Amino acid sequence: MRKILITLVFTLFTFSMSNAQAQSGSLVSPDKYAVSLNSFWSNWYVQVGLDMSLQNPYGHSFSHVFPNGKSFGVNAAAGRWFTPGLGLRAKVNWENGIKLFENGHLTWLAPFYQNGVNMHKGGYMSVVGDIQFDIHNLIFGYEPDRLWNLQVFPRAGAIYNFGVSKGSPLLGFGIGNTFKINKRFGIYFDIAYQMVSSGFTGVEKDTGMSGNNGFFDINVGLQINLGNNTFKRVDNAR
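Residues numbered from 1 in each chain as written. Predicted model: local features only at pLDDT ≥ 70, side-chain atom pairs only at ≥ 80, totals over all residues. Heavy atoms only, no water.

Caption draft 1: Inspection of the sheet that holds strand S9 (residues 214-226) at higher detail. The eight strands are arranged S2-S3-S4-S5-S6-S7-S8-S9 in a closed barrel whose pairing can be described as antiparallel. Each strand axis lies, on average, 25 degrees off the axis of its neighbour in the sheet, ignoring direction. As defined by bridge partners, strand S4 (residues 86-95) adjoins strand S5 (residues 124-134) across ten bridges and the pair is classed as antiparallel. Pairing of Lys91 across the sheet is with Val128, part of S5. (Pairing = 2+ DSSP bridges. Helix = DSSP H or I, 4+ residues; strand = E, 2+ residues; numbered from the N terminus. Axes fitted to C-alpha atoms, helices over the stretch in contact; angles between N-to-C directions.)

And the structure:
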């Protein structure tokens, strides 16, 4: 799984860099336009929202994730688009730590089968970095008034389970969507799968980091674009 992720990241990164080079001038096809890259302080955004996680610990069938592995939380992120096709995002998620979102049947968050203990001890928190590739802009060209943009992102980071006082590195991959409300605001909807080590899940058997230890997360919330958040079109020199 890790080799597949690395290969995918390299392929998408190469594609994005080639596209950015093309948009800078001479390699742009005649029926497209180029964009000029903005200063470092442009194209920033923040996101705040709610999420649901679906735990899939080692030795347990995902078919029983409802309600055993389902939890709720909040997330916040900040990111920047360096080109219309390539961006970076830092994200923090706090899960199963707010009483309002308690799932009375949750038993797959360590410590196992001690319902309520994980939330009482603070749930868990993850900090991740995402490399974002905007599929619409990479394939169809940049369009500032597009209402829906699709992204894919590999991610890496760390996660800490307060319920058992254990942490783990984290690797994952996700699909993101942004829906434009106006120039300043939008809605985001992300789905991702994260692999973690057995320490986070509380499983005694050391399985290392694999797809058998992990969880899905589903995020929805508000995106706020800061300052100048568009790229300027440049006439294509022929």
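Caption draft 2: Quick peek at the pattern of salt bridges. Within this structure, the stated rule accounts for seven salt bridges. Here Asp130 ties to Arg89 by a salt bridge, and the two come within 2.8 Å at their closest N and O atoms. Of this pair, Asp130 sits in strand S5 while Arg89 sits in strand S4, placing them 41 residues apart in sequence. Owing to a relative accessible area of 4%, Arg89 belongs among the buried residues under this scheme. A network of salt bridges, in which partner residues are shared, links Arg89, Lys91, Asp130, Arg155, Asp190 and Asp217. (Salt bridge = Lys/Arg side-chain N within 4 Å of Asp/Glu carboxyl O. Buried < 20%, exposed > 50% of the residue type's maximum accessible area, 1.4 Å probe, protein only.)

Caption draft 3: Structural context of unusual backbone geometry. Residues Phe66 and Pro67 are joined by a peptide bond in cis, for which omega reads 0 degrees. Counting through the fold element by element, Pro67 comes out in helix H2 (residues 65-68).

Caption draft 4: Geometry of the nonpolar core. The biggest cluster of nonpolar side chains holds nine residues, and these are Leu106, Leu109, Tyr124, Val128, Ile159, Leu170, Val196, Phe200 and Phe215. In contact with Phe215, not counting residues within four places along its chain, are Ser53, Leu54, Gln55, Asn56, Tyr124, Ile159, Leu170, Ala192, Tyr193, Gln194, Val196 and Phe200. Counting five residues, the second largest nonpolar core, distinct from the first, contains Val35, Tyr45, Trp81 and Phe231. (Core = buried A, V, L, I, M, F, W, Y, C linked by side-chain atoms within 4.5 Å. Contact = heavy atoms within 4.5 Å.)

Caption draft 5: Region of the structure containing the packing of aromatic side chains. According to the stated counting rule, one finds ten aromatic pairs in the structure shown. Pairing Phe40 with Trp41 gives two aromatic rings, centres 5.0 Å apart and planes at 85 degrees, and the pair type is edge-to-face. Judged by relative accessible area, which is 45%, Phe40 ranks as partly exposed. Classification of Trp41 by relative accessible area gives exposed; the value is 68%. Both rings, one in Phe112 and one in Tyr113, keep their centres 5.8 Å apart while their planes meet at 85 degrees; by these two values the pair is edge-to-face. For Tyr113, a relative accessible area of 56% corresponds to the exposed category. (Phe/Tyr/Trp six-rings, centres within 6.5 Å; stacked < 30°, edge-to-face > 60°.)

Caption draft 6: Region of the structure containing a nonpolar patch on the surface. A grouping of Phe62, Leu147, Trp148, Phe179, Ile181, Phe185, Ile187, Phe189, Ile191, Phe216 and Val220 is seen on the molecular surface, where their side chains present a nonpolar patch of about 940 Å² in accessible area. For the nonpolar patch, the elements supplying multiple residues, two or more each, are strand S8 (185-196) and S9. Looking at the nonpolar patch element by element, the count peaks at four residues for S8. Here Leu147 is to be found in the loop between helix H4 (135-140) and strand S6 (148-161). Classification of Leu147 as exposed rests on a relative accessible area of 59%. (Patch = residues over 30% accessible without salt bridge, like charges linked within 9 Å, V, L, I, M, F, W, Y side chains within 5 Å. Areas by Shrake-Rupley, 256 points an atom, 1.4 Å probe, with all protein chains shown as cover.)

Caption draft 7: How the structure looks around the pairing of S8. As paired strands, strand S7 (residues 166-180) and S8 are joined by eleven bridges and run antiparallel to one another. Its bridge partner lying in S8, Lys180 is registered against Gly186. Counting the residues between successive antiparallel strands, the hairpin from S7 to S8 contains four residues. Two strands pair when backbone bridges link them, and S8 and S9 are joined in this way by eleven bridges, in the antiparallel orientation.

Caption draft 8: Highlighting the confidence of the model for the protein chain. Per-chain confidence: the protein chain averages 84 in pLDDT, with 80% of residues scoring 70 or above. Below a pLDDT of 50 lies the segment residues 1-31, which in the model reaches 41 contacts outside its immediate sequence neighbourhood of four places, other chains included. (pLDDT = per-residue confidence, 0-100.)

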